[in-house]
Amino acid sequence: MMVAAIIMGFASSAISKDFSGVITYKISYPGMDIDASMAAMMPKMATLTIKETKSKFEISMGQMGTQIQIIDGEAKTVTSVMNMMGQKFYYVETEEDINEEISEGENVDFKIMDETKEIAGYECKKAIVTVKDAGDEMQFTVYFTEEIGSQALNIDNPYFQDVPGAMLEFEIDTGAGTMKMEAISVDKKKVADSEFEVPEGYEEKTPEEIKAMFGGGM
């Protein structure tokens, strides 16, 4: 669950008023010490569907199920849709709800570096996001393109609110090792409005109920 939460924390940075299409990502875990059974459950691919001010990030957790995050930039809401071990539910958070989850005393620094590389046909700039909290420090290395998206609607993860475009590659230390996510294709195409609706058969719950279900770990 922790890996999925980290991955889905950047989805809305790719929303743009003039982009419609699907970005496909591959996920790897360089240097992570995991056995074969655990590796089989770790996500390996993800897709990000975008239309104007809305996005949908979908990731498969193998036998555990799927997770979808739908972001409405105009309403400033994040809807998390989960099909986990046969349980189907969703919950909605506002921008205020998400910001309240930030620990007091956390300091986030965003710095664009003098380095670029091409990813999925787009020239991307390198940036370092440093998060300091009570003496501890985490660093996120990201490559982003301003040709897709802006920071205006990046409401789902305050760590990435200053990234001025779609992140096409990033690495993060999960505590158990490194997780890497890299875009392998960007497909511009028409997207139906129905892509951003909660599927039938899902029960709505509150964020508090979800946290209780997972022992406060969400």
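Bear in mind that the values here come from a model prediction, so they are computed numbers and not experimental data.

**Examining the overall build of the protein**
- On a plain count of helices and strands, the protein comes out with four helices and 12 strands.
- Within the protein, the fraction of its 218 residues that count as buried is 45%.
- When contacts within the protein are restricted to residue pairs at least 6 apart in sequence, long-range pairs at least 24 apart make up 55% of them.
- Element-wise, carbon and sulfur atoms account for 45% of the exposed surface of the protein, whose accessible area totals about 11,100 Å².

**A look at the pairing of strand β7 (residues 107-119)**
- The pairing of β7 with strand β8 (residues 122-133) spans 10 bridges and is antiparallel. By the bridge assignment for β8, aspartate 109 is matched with threonine 130.
- Here β7 hands over to β8 after two residues, with alanine 120 in that stretch at a positive phi of 55 degrees.

**A look at the side chain of lysine 126**
- Within the fold, lysine 126 resides in strand β8.
- We classify lysine 126 as buried; its relative accessible area is 19%.
- Sequence-distant contacts of lysine 126, defined by excluding residues within four places in its chain, comprise Lys111, Ile112, Met113, Glu115, Thr141, Val142 and Tyr143.

**Notes on the pattern of salt bridges**
- Under the counting rule described, the total for this entry stands at seven salt bridges.
- For glutamate 169, the salt bridge goes to lysine 180, with nearest N and O atoms at 4.0 Å. One end of the pair, glutamate 169, is in strand β10 (residues 166-173); the other, lysine 180, is in strand β11 (residues 178-188), with 11 residues separating them in the sequence.
- When its relative accessible area of 21% is taken as the criterion, lysine 180 is described as partly exposed.
- For the salt bridge of lysine 205 with glutamate 203, the shortest nitrogen-to-oxygen distance reads 3.7 Å.
- Ionic contacts of the salt-bridge type, sharing partners, join the residues Lys117, Glu169 and Lys180 into one network.

**Some words on the side chain of threonine 49**
- Among the structural elements, threonine 49 can be located in strand β2 (residues 45-51).
- In this structure threonine 49 comes out as buried when scored by relative accessible area, which is 7%.
- If we ignore the near neighbours within four places in the chain, the residues touching threonine 49 are Gly21, Val22, Lys54, Ser55, Lys56, Val191 and Phe196.

**Details of unusual backbone geometry**
- A positive phi is found at lysine 76, a non-glycine position, where the angle reads about 55 degrees.
- Residue position: lysine 76 is located in the loop between β4 (65-72) and β5 (77-84).
- A residue is classified by how much of its surface remains accessible, and lysine 76, at 33% relative accessible area, is partly exposed.

**Considerations on the environment of isoleucine 172**
- The residue isoleucine 172 is located in strand β10 in this model.
- Sequence spacing of isoleucine 172 and methionine 138 is 34 residues, and the spatial spacing of their C-alpha atoms is 8.5 Å.

**Description of the packing of aromatic side chains**
- Scanning the entire structure with this criterion turns up two aromatic pairs.
- Here the aromatic rings of tyrosine 25 and phenylalanine 57 are separated by 6.5 Å at their centres, their planes lie at 55 degrees, and the arrangement is tilted. Of this pair, tyrosine 25 sits in strand β1 (residues 20-28) while phenylalanine 57 sits in strand β3 (residues 54-60), placing them 32 residues apart in sequence.
- A relative accessible area of 0% means that tyrosine 25 is categorised as buried.
- Taking relative accessible area as the criterion, phenylalanine 57 reaches 0% and is therefore assigned buried.
- In this arrangement the basic side chain of lysine 117 is found over the ring face of tyrosine 143, its NZ or CZ atom lying 4.6 Å from the centre.

**Concerning the nonpolar core**
- Among the nonpolar cores identified, the biggest contains 35 residues, and Ile23, Ile148, Phe160 and Leu168 are the most heavily contacted of them.
- Secondary-structure elements contributing two or more residues to this core are β1, β2, β3, β8, β9 (136-145), β10 and β11.
- Excluding residues that lie within four positions of it along the chain, leucine 168 makes contacts with Ile23, Tyr25, Ile119, Tyr122, Cys124, Tyr143, Phe144, Thr145, Met181, Glu182 and Ala183.
- Judged by nonpolar contacts, the second largest core, of seven residues, contains Ile68, Ile70, Tyr90 and Phe196.

Thresholds, definitions, all that
Residues numbered from 1 in each chain as written. Predicted model: local features only at pLDDT ≥ 70, side-chain atom pairs only at ≥ 80, totals over all residues. Heavy atoms only, no water. Helix = DSSP H or I, 4+ residues; strand = E, 2+ residues; numbered from the N terminus. Buried < 20%, exposed > 50% of the residue type's maximum accessible area, 1.4 Å probe, protein only. Contact = heavy atoms within 4.5 Å. Areas by Shrake-Rupley, 256 points an atom, 1.4 Å probe, with all protein chains shown as cover. Pairing = 2+ DSSP bridges. Salt bridge = Lys/Arg side-chain N within 4 Å of Asp/Glu carboxyl O. Phe/Tyr/Trp six-rings, centres within 6.5 Å; stacked < 30°, edge-to-face > 60°. Lys NZ or Arg CZ within 6 Å of the ring centre and 35° of its normal. Core = buried A, V, L, I, M, F, W, Y, C linked by side-chain atoms within 4.5 Å.

Interpretation note: all reported values are geometric properties and have no functional meaning in isolation.
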